[in-house]
Amino acid sequence: MAKPGDGGEEPEASGLPPRGPRRPSGSARPKGTGRSGGAAARARLRRHPGHDQPAPPPGPSAGPAGPGSSAQGAGSSRGRPIRAFPGGPGPHPAARPDTAPTTLHPSRRTEGGSLLDVVRVAIVILDTAGRVVLWSPTAEEMLGWPSEVLVGRSIEELLADPEDQQRARAALQETLRHGSWHGFTGISDRDGVPVEVEVRLSLLVDGDGAPYVQAALTEAAALRAVERDLAVRDALFEQSPLGIAVLDTDLRYTAVNRTLAEMDGLPAEAHIGRTAGETLPERSTDEITALQRQVLATGEPVIDVTLAAPNSGRGGYRSISFSRMTDRAGRVLGISGTAMDVTERYRAVAKVEGARRRLSLLNEFGSRVGDLLDASMIAQELAGAVVPRLADYAAVILLQAVAHGDDLPRHGHDRRTSLLQLGVAGVQDGPAVETMLRHSARITFEDDSVFGRVLRRGVPELLTGAELEALSFPGDPKVEAARDLGIHSRLVVPLRARGIVIGLLVVSRAGYREGFDRDDLAFTVELADRAGSSLDNARLYARERTAALTLQRTLLPQQVPQPAGVEVAYRYVPGSSGTEVGGDWFDVIPLPGDRTALVVGDVMGHGLRAAATMGRLRTAVRVLAALDLAPEVVLRHVHELADDLAQGPDEALLATCVYAVFDPARRNLTVTKAGHIPPVLVVPGADAEPARSGGPLPGGAGQVLDLPSGAPLGVGGVPFESIEMEIPDGSLLALCTDGLVESRDKDLDVGLGRLISVLEQPYASIQQACEAVLDTMEQGREPDDVALLLARLGRERDDAPTAGWTLPAEPTAVSRARRLVRHTLADWGVEALTDTAELLVSELVTNAVRYASAPIGVRLTLGELLLVEISDPLPDPPRERHASAGDEGGRGLELVRRLALRWGTRAEGLGKVVWFELADSDVQPPESML
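Residues numbered from 1 in each chain as written. Predicted model: local features only at pLDDT ≥ 70, side-chain atom pairs only at ≥ 80, totals over all residues. Heavy atoms only, no water.

(A) Here's a closer look at the pairing of strand 5 (residues 211-219). Across the nine residues that make up strand 5, a large majority, eight, are buried. Across six bridges, strand 1 (residues 121-126) lies against strand 5 in antiparallel orientation. Counterpart to leucine 126 in the pairing with strand 5 is valine 213. As defined by bridge partners, strand 4 (residues 194-205) adjoins strand 5 across nine bridges and the pair is classed as antiparallel. For leucine 201, the partnering residue across the bridge sits in strand 5 and is alanine 215. Connecting strand 4 to the antiparallel partner strand 5 that follows it, the hairpin turn spans five residues, and glycine 209 within it adopts a positive phi of roughly 90 degrees. (Buried < 20%, exposed > 50% of the residue type's maximum accessible area, 1.4 Å probe, protein only. Helix = DSSP H or I, 4+ residues; strand = E, 2+ residues; numbered from the N terminus. Pairing = 2+ DSSP bridges.)

(B) Region of the structure containing the packing of helix 15 (residues 518-555) against helix 16 (residues 608-626). As a packed pair, helix 15 and helix 16 sit with axes 9 Å apart at the nearest point and diverge in direction by 5 degrees. Classified by the interaxial angle, the pair formed by helix 15 and helix 16 is roughly parallel. Contact with helix 15, carried on its side by Glu544, Ala547, Ala548, Leu551, Gln552 and Leu555, involves Leu608, Ala611, Ala612, Met614, Gly615 and Arg618 of helix 16 and no other residues of that element. Class assignment for the residues of the contact of helix 15 with helix 16 results in eight nonpolar, two polar and two charged. (Axes fitted to C-alpha atoms, helices over the stretch in contact; angles between N-to-C directions. Parallel < 35°, antiparallel > 145°, perpendicular 65-115°, else oblique. Contact = heavy atoms within 4.5 Å. Nonpolar A, V, L, I, M, F, W, Y, C, P; charged D, E, K, R; others polar.)

(C) Geometry of the layout of surface pockets. Estimates place the volume of the largest pocket at around 870 Å³. As for the largest pocket, its lining consists of 25 residues, and the residues nearest its centre are Ala350, Arg357, Arg509, Glu514 and Asp517. Of all the elements in the fold, those that place two or more residues in the lining of the largest pocket are helix 9 (343-369) and helix 15. Among the elements that make up the lining of the largest pocket, the one with the highest residue count is helix 9 (eight residues). Residue composition of the lining of the largest pocket, grouped by class: nine nonpolar, four polar and twelve charged. (1 Å grid on protein atoms, 1.4 Å probe; cavity = no way out; pocket = protein on both sides within 12 Å on 5 of 7 lines; lining within 4 Å. Points joined across faces, edges and corners; volume = space filled by probe spheres on them.)

(D) Broad picture of the pattern of salt bridges. Taken as a whole and judged by the stated rule, the model has 45 salt bridges. With a shortest N-O distance of 2.3 Å, arginine 859 and glutamate 869 are connected by a salt bridge. With arginine 859 in strand 28 (residues 856-862) and glutamate 869 in strand 29 (residues 866-872), this pair connects stretches of sequence that are ten residues apart. Arginine 859 sits in the buried class, given a relative accessible area of 15%. Take glutamate 869: its relative accessible area is 4%, and that puts it in the buried class. As a salt-bridge pair, glutamate 917 and arginine 902 come within 3.1 Å of each other at their nearest N and O atoms. (Salt bridge = Lys/Arg side-chain N within 4 Å of Asp/Glu carboxyl O.)

(E) Quick look at the sheet that holds strand 2 (residues 132-135). Ordered by their spatial adjacency, five strands build an open sheet running 2-1-5-4-3, and the pairing between neighbours is antiparallel. Each edge of the sheet is formed by a strand with only one pairing partner; in this case those strands are strand 2 and strand 3 (180-188). The sheet shows a mean angle of 30 degrees between the axes of neighbouring strands, taken without regard to direction. Packed on one face of the sheet, helix 4 (residues 162-178) meets strand 3, strand 4 and strand 5 and runs near 155 degrees to strand 3. Along the sheet face, helix 5 (residues 220-238) touches strand 3, strand 4 and strand 5 and points at about 65 degrees away from the line of strand 5.

(F) Molecular detail of the sheet that holds strand 23 (residues 701-704). Strand order in the open sheet formed by five strands is 17-26-25-22-23, and the pairing between neighbours is antiparallel. Only two strands of the sheet have a single partner each, and these edge strands are strand 17 (566-573) and strand 23. Neighbour to neighbour, the strand axes of the sheet diverge by 15 degrees on average, direction disregarded. Bridge count for strand 17 against strand 26 (residues 786-793) is eight bridges, and the pairing is antiparallel. Pairing of valine 568 across the sheet is with alanine 791, part of strand 26. Contacts from helix 19 (residues 748-759) reach strand 22 (680-683), strand 23, strand 25 (731-736) and strand 26, with the element oriented near 30 degrees to strand 22.

(G) The packing of helix 9 against helix 10 (residues 375-386), seen in detail. Between helix 9 and helix 10, the shortest axis-to-axis distance is 10 Å and the interhelical angle comes to 155 degrees. As judged from the angle between their axes, helix 9 and helix 10 are roughly antiparallel. As for how helix 9 packs across helix 10, the hand of that crossing is right-handed. Contact residues: helix 9 offers Leu361, Phe365, Arg368 and Val369, while helix 10 offers Ile378, Glu381, Leu382, Gly384 and Ala385. The class makeup of the residues in the contact of helix 9 with helix 10 is six nonpolar, one polar and two charged. (Left-handed = near helix turned anticlockwise from the far one by under 90°.)

(H) Spotlight on the nonpolar core. Grouped together as the largest cluster of nonpolar side chains are 56 residues, with contacts concentrated most on Leu398, Phe451, Val492 and Leu495. Elements represented by at least two residues in this core include exactly helix 9, helix 10, strand 11 (393-399), strand 12 (419-426), helix 13 (450-457), strand 15 (487-497), strand 16 (500-510) and helix 15. The element contributing the most residues to this core is helix 15, with eight residues. Within the second largest apolar cluster, 51 residues are counted, among which are Leu624, Ala625, Leu645 and Val671. (Core = buried A, V, L, I, M, F, W, Y, C linked by side-chain atoms within 4.5 Å.)

(I) Fine view of helix 5. When the terminal C-alpha atoms of helix 5 are compared, their 26 Å separation across 19 residues agrees well with the 27 Å that a helix rising 1.5 Å per residue should span. Residues of helix 5 that are buried include every one of Ala220, Ala222, Leu223, Ala225, Val226 and Phe237, and no others. (Expected span 1.5 Å × (residues − 1).)

(J) Layout of empty space enclosed by the protein. Scanning all chains against the criterion turns up eight cavities of 30 Å³ or more. The volume enclosed by the largest cavity comes to roughly 300 Å³. Around the largest cavity, the lining is made up of 23 residues, and of these Ile155, Leu159, Ala168, Val199 and Leu201 lie nearest the centre. Counting residues per element, the ones that place at least two in the lining of the largest cavity are strand 1, helix 4, strand 3, strand 4 and strand 5.

(K) Expanded view of the side chain of threonine 824. Tracing the chain through its elements places threonine 824 in helix 21 (residues 812-828). Since its relative accessible area comes to 11%, threonine 824 is described here as buried. When residues no more than four places from it in sequence are discounted, the contact partners of threonine 824 are Ala803, Trp805 and Leu860.

(L) Here's a closer look at unusual backbone geometry. Cis rather than trans, the peptide bond between valine 387 and proline 388 has omega equal to 5 degrees. Its identity as a non-glycine residue notwithstanding, aspartate 628 has a phi of 60 degrees, on the positive side. Although it is not a glycine, arginine 667 sits at a positive phi angle of roughly 50 degrees. Tracing the backbone shows arginine 667 in the loop between strand 20 (655-663) and strand 21 (668-674).

(M) The environment of glutamate 282, seen in detail. Considering the arrangement of structural elements, one finds glutamate 282 in helix 8 (residues 282-298). For glutamate 282 and proline 310, which are 28 residues apart along the polypeptide, the C-alpha to C-alpha distance reads 8.7 Å.

(N) Representation of the confidence of the model for the chain. Looking at the chain as a whole, its pLDDT mean stands at 80, while 82% of the residues score no less than 70. Note on residues 1-85: pLDDT under 50 across the span, and 155 contacts to partners over four residues away in sequence or across chains. In the model, residues 87-110 has pLDDT below 50 throughout and makes 57 contacts with residues more than four positions away in sequence or in other chains. (pLDDT = per-residue confidence, 0-100.)

And the structure:
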């Protein structure tokens, strides 16, 4: 075989079978063979150019370009001027003076192309001597040498290093012997810069059996970059701890790594060509498929979406991300996705979030029950707080003693312990829920049941499975209802106060919700402990409030009289459970002369001490009222007793009061107040029917009585003043405490106006009017006690005769008074009272004539008793004297005291009235008084 580049005849490749009929041995070579045969083969290759094959040369000569080449020969260098070939002539004069060459290393990439634009493969065809037969355009682009310059020249001329040339010859011989060769070498480009290329040599044979060598040249730098990228891809794809998947535009898997296959529980081969819906459980793929379609359609990536793991066998949670893939030309190839097991992270976050929610629930429950002092309300708030955030169903079961404010039992709990279910809540309603969570149901249990153990030991229990059946007693319908509701997990936690179990908190979960764990149990115990403290406070408050109410009720009037000319109705409403009982009171006090005192008062403060102070204050008012003192005098004396009536030496008495006296005979009303709510008076219309006891109220026009305010009792500094007025028959007087008309956000005038508007309406009775007033109390008012006293004021009884006269202050007035009394009593048919009445009237008129200088009034009223009143303008009350045996006078008032059933004196206007009462019987004066 000739050496490459020796210019001799091309030998046949050894070991290669000839193509076509074998030439007989020793025969002459056909005409036209030899070197011309190589030229013919090169011509045939040029007649079939491919992507990497240059166009055939324009002239018949295939030799190297030289000075004698035609203008259409090898003078062109495909876009740039030809540099003189090493060892050869300079460039052809007709070469194209194009622009300077682009940088060859790193390789130029065509935007929007394929991988072949990144890793270019240049094809060069060599003959067996190593001469260039074909130089492809890619080779020209890679090295800058045009085919016109290189065709026919030895490839060794591009190798500057002698060692590279030697290696090239050896490689060519290796290829001719074995058919292929692979290696790296450096080839000089047109600028003389060596370019490292990877060379793959392959033996080719044309149709005539002539051998050629194909050299595939690839830039080594670009190839190494691609190999590095592939290695990185393999490392990321196959060795990544993340699950990675590649899907086409039909959302079918084209590649998945081992991690994702293990996460899905399927081999990688089971994914290829299938969609997520075909490889994963149906319940898990709806959201995943929706995300894939969204990313494929919009190109917007989805990052770190946490979903439940589709593989039900492994469980847990995954973080998935999807992004759309496009090629260098922008064509959508599909999407790529990653999946990461975030079960631990999710559970850690869920645990932190659960702790935050539990803390929030504790704070919220504390704020909701902080101002509650009713056990039933606290129990309901507790049940409502845990549903649905902690449980699906909840029941709060309390000892009856806690619910009623009694003392806690000193012995242990057993099946005889009385329990009430006072707080219930559930996520749904229905017959089964009503059976299990009936409010106020009485709970029974066996000693060896879960309820019995928790009540006895005070240790919470977490129930699952068969334990749920042993809740209370065999056959309990609540257990059957729980089974129908799908309850699968339950906590029974004791409610404790000061070490004593006072009830149970029972919470349950049903359906697909996860069962309770130890964290849930610990939290529920803490919540139950807080609730237990609030429930015990409510029990203690209820006990104290019950005692205060009992005391208060005993100090209020047990029976309210119905005096002549007055019809009374009253209501007392203790404060709500949010506050203690107050010191409100009312009273109706009969006075002499068929007069009536109406009193309403309010002691500042709440609790037992306020109730006790109220009782003492009411007693003082009654005692002073019995003295028949003027209303302002009564309040002045009560104020003077304030220090003695106070709750303690360091706490002054502070109370308000309104005191009114009605005289039915004169239809006169005298009212005074000490810092209290003013009374309301409703006057009937002119066409209203005459008032009668028990009859309907006609309504009318209401007004607030304008009274001097007066200072509250115990304050002082402001004198008490009364006003007197004559009122129409059938007028309605309303006295009340501030709890009825005051509210937190409105003025007192608003409440008084509402009271007037209610009382101006007609009602069937005065009792119905009381109910109407209470029904209109504003919900936002202060939760204080309410005392309401209504009095319909009218004349005396129609069948009660009355007579009255005015006499001059002369001695003759005594005899005239005796005569008028005698005739009047005879007309009334009560002659038995005549002698005593004449005697006492003469004594009192004599005293009035002696000390007064103005007209004297005499009035008789016959009811169940005979009432005699003697009035004069002298304000000083008479004083009883004890006359000696020798005194001529001084026995008048003593006679009155001895012979009258009752007697007294009262201020009236600027003067006074002395009165006495006689029973309808024959009363003889003692002999010693005659």
